[in-house]
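This is what each chain is made of:
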Amino acid sequence: ASHDLDIRGAGNLVGEEQSGYIKDVGVELYQAMLQEAILMVKAGNISNAEKREHQVNLGIPIFIPESYVEDSNLRLSIYRRIGNLETEEELDSMEFELADRFGQVPKEVANLILLMKIKIHCKKANIEKIDAGASGVSISFFDNNCNIKSLDSFFKSLAVTRNSGTARLKSSMKIIITKKWHAIEDRSKDIFEISKELAFMSSAKL
């Protein structure tokens with residue numbers, strides 16, 4: 001469950017939004033996940049790249065409900081598998097597999113899959129943290145470097161700014177997007193599109 005800690009970010013785990021996390025996954029599973037993470041660190045099995053955490057705080061429930069996958073070891077295995085996937089296609093296949101094995105995927109698991117897709121794009125775009133709020137989104141980059149050759153082009157292409165939203169760049173290479181969404185789900189989908197555009201523009205030759 002080091003993967004789930006990474007998925008949520010340590011701040012979310014103990015913060016107000018996710019204060020019920022241990023209750024959700026159960027003490028036994030939580031302890032097993034935490035122990036696995038500690039052993040990995042002690043064994044030196046985490047590379048420098050993996051230590052660079054990409055925090056994404058969407059403000060939505062993200063976990064595998066016990067009612068969906070009852071066995072705690074199996075839930076841990078699924079968390080591990082999801083955390084090791086590296087492409088959107090692999091995550092889509094995983095979601096299809098879960099639906100085939102356990103039935104319709106609940107929104108909490110769908111949120112988890114979406115968040116991991118966002119994290120894939122965060123890695124490509126050098127994004128350190130995404131924080132979503134009621135009226136906007138903050139995007140911070142590692143080393144004050146967003147790897148985008150043309151921010152003007154980014155702001156022009158950004159889907160959210162073409163739909164009653166605004167974006168601005170702060171001096172610390174932090175992008176602030178202001179918009180009021182009708183639903184949290186819509187905000188999460190927009191954040192996914194934003195991360196995808198940032199990842200694309202990070203590698204594009206502009």
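Here's what I pulled together on the structure shown here. (Residues numbered from 1 in each chain as written. Predicted model: local features only at pLDDT ≥ 70, side-chain atom pairs only at ≥ 80, totals over all residues. Heavy atoms only, no water.)

### Overview of the overall build of the chain
For step 1, the next point in the chain: The number of helices and strands found in the chain is 10 helices and 5 strands.
For step 2, the next point in the chain: Residues classed as buried in the chain amount to 46% of the 206 residues present. (Helix = DSSP H or I, 4+ residues; strand = E, 2+ residues; numbered from the N terminus. Buried < 20%, exposed > 50% of the residue type's maximum accessible area, 1.4 Å probe, protein only.)

### As for the packing of helix H7 (residues 88–102) against helix H8 (residues 107–125)
For step 1, the next point in the chain: One way to put it is that H7 packs onto H8 with a least axis distance of 10 Å and a crossing angle of 170°. In terms of axis orientation, H7 runs roughly antiparallel to H8. Each of Glu-88, Leu-91, Asp-92, Glu-95 and Leu-98 in H7 lies in contact with H8, whose residues at this interface are Val-109, Ala-110, Ile-113, Met-116, Lys-117, Ile-120 and His-121.
For step 2, the next point in the chain: Here the contact of H7 with H8 is built from residues that sort into 7 nonpolar, 1 polar and 4 charged. (Axes fitted to C-alpha atoms, helices over the stretch in contact; angles between N-to-C directions. Parallel < 35°, antiparallel > 145°, perpendicular 65-115°, else oblique. Contact = heavy atoms within 4.5 Å. Nonpolar A, V, L, I, M, F, W, Y, C, P; charged D, E, K, R; others polar.)

### With respect to the nonpolar core
For step 1, the next point in the chain: Counting 39 residues, the largest nonpolar core has Ile-118, Ile-130 and Ile-139 as the members making the most contacts within it.
For step 2, the next point in the chain: Secondary-structure elements contributing two or more residues to this core are helix H6 (72–84), H7, H8, strand E2 (127–132), strand E3 (136–141), strand E5 (174–178) and helix H10 (184–203).
For step 3, the next point in the chain: With 10 residues, H8 is the single largest residue contributor to this core.
For step 4, the next point in the chain: Ile-118 has contacts with Val-56, Leu-58, Ile-130, Ser-188, Ile-191, Phe-192 and Ser-195, leaving out every residue within four places of it along the chain. (Core = buried A, V, L, I, M, F, W, Y, C linked by side-chain atoms within 4.5 Å.)

### Quick notes on unusual backbone geometry
For step 1, the next point in the chain: Although it is not a glycine, Asn-126 sits at a positive phi angle of roughly 65°.
For step 2, the next point in the chain: Note that Asn-126 resides in the loop between H8 and E2.
For step 3, the next point in the chain: Here Asn-126 falls in the buried class, since its relative accessible area comes to 10%.

### Side note on the side chain of Ser-138
For step 1, the next point in the chain: Take Ser-138: it is sitting in strand E3.
For step 2, the next point in the chain: The class of Ser-138 is buried, set by a relative accessible area of 17%.
For step 3, the next point in the chain: For Ser-138, the contacting residues outside a window of four places in its chain are Lys-129, Ile-130, Asp-131, Lys-174, Ile-175 and Ile-176.

### Quick notes on the pairing of E2
For step 1, the next point in the chain: Sheet topology note: the strand E1 (residues 55–57)/E2 ladder contains 3 bridges and is parallel. Note that in E2 the partner of Gln-55 across the bridge is Lys-129.
For step 2, the next point in the chain: Bridge count for E2 against E3 is 5 bridges, and the pairing is antiparallel. Its bridge partner being in E3, Asp-131 is matched across the sheet by Ser-138.
For step 3, the next point in the chain: Between E2 and E3, which pair antiparallel one after the other, the connecting turn spans 3 residues. (Pairing = 2+ DSSP bridges.)

### Digging into the environment of Ser-202
For step 1, the next point in the chain: Structurally, Ser-202 can be placed in helix H10.
For step 2, the next point in the chain: Taking the C-alpha atoms as reference points, Ser-202 and Ala-125, 77 residues apart in sequence, are found 5.5 Å from one another.

### Here we look at the packing of H6 against H8
For step 1, the next point in the chain: Contact geometry of H6 with H8 gives a least axis separation of 10 Å together with a crossing angle of 30°. By the angle class used here, H6 and H8 are roughly parallel. Contacts between H6 and H8 involve Tyr-79, Ile-82 and Gly-83 from the former and Leu-112, Ile-113 and Met-116 from the latter.
For step 2, the next point in the chain: In the contact of H6 with H8, the residues fall into 5 nonpolar, 1 polar and no charged.

### Notes on the side chain of Lys-117
For step 1, the next point in the chain: Within the secondary structure, Lys-117 sits in helix H8.
For step 2, the next point in the chain: If we skip the residues at most four places from it in the chain, Lys-117 touches Glu-88, Leu-91, Asp-92 and Phe-192.

### Considerations on the pattern of salt bridges
Side chains bearing opposite charge may pair, as long as their charged atoms lie close to each other.
For step 1, the next point in the chain: The tally for this structure, following the rule as stated, stands at 6 salt bridges.
For step 2, the next point in the chain: A salt bridge links Arg-101 to Glu-97, with the nearest nitrogen and oxygen atoms 3.4 Å apart. In this pair, Arg-101 and Glu-97 are both assigned in helix H7, 4 residues apart and thus about one turn of the helix distant.
For step 3, the next point in the chain: Relative accessible area serves as the criterion here: at 44%, Arg-101 is assigned to the partly exposed category.
For step 4, the next point in the chain: Relative accessible area serves as the criterion here: at 24%, Glu-97 is assigned to the partly exposed category.
For step 5, the next point in the chain: Among the salt bridges present, the one from Lys-129 reaches Asp-131, with a minimum N-O distance of 3.5 Å. (Salt bridge = Lys/Arg side-chain N within 4 Å of Asp/Glu carboxyl O.)

Geometry only, nothing functional implied.
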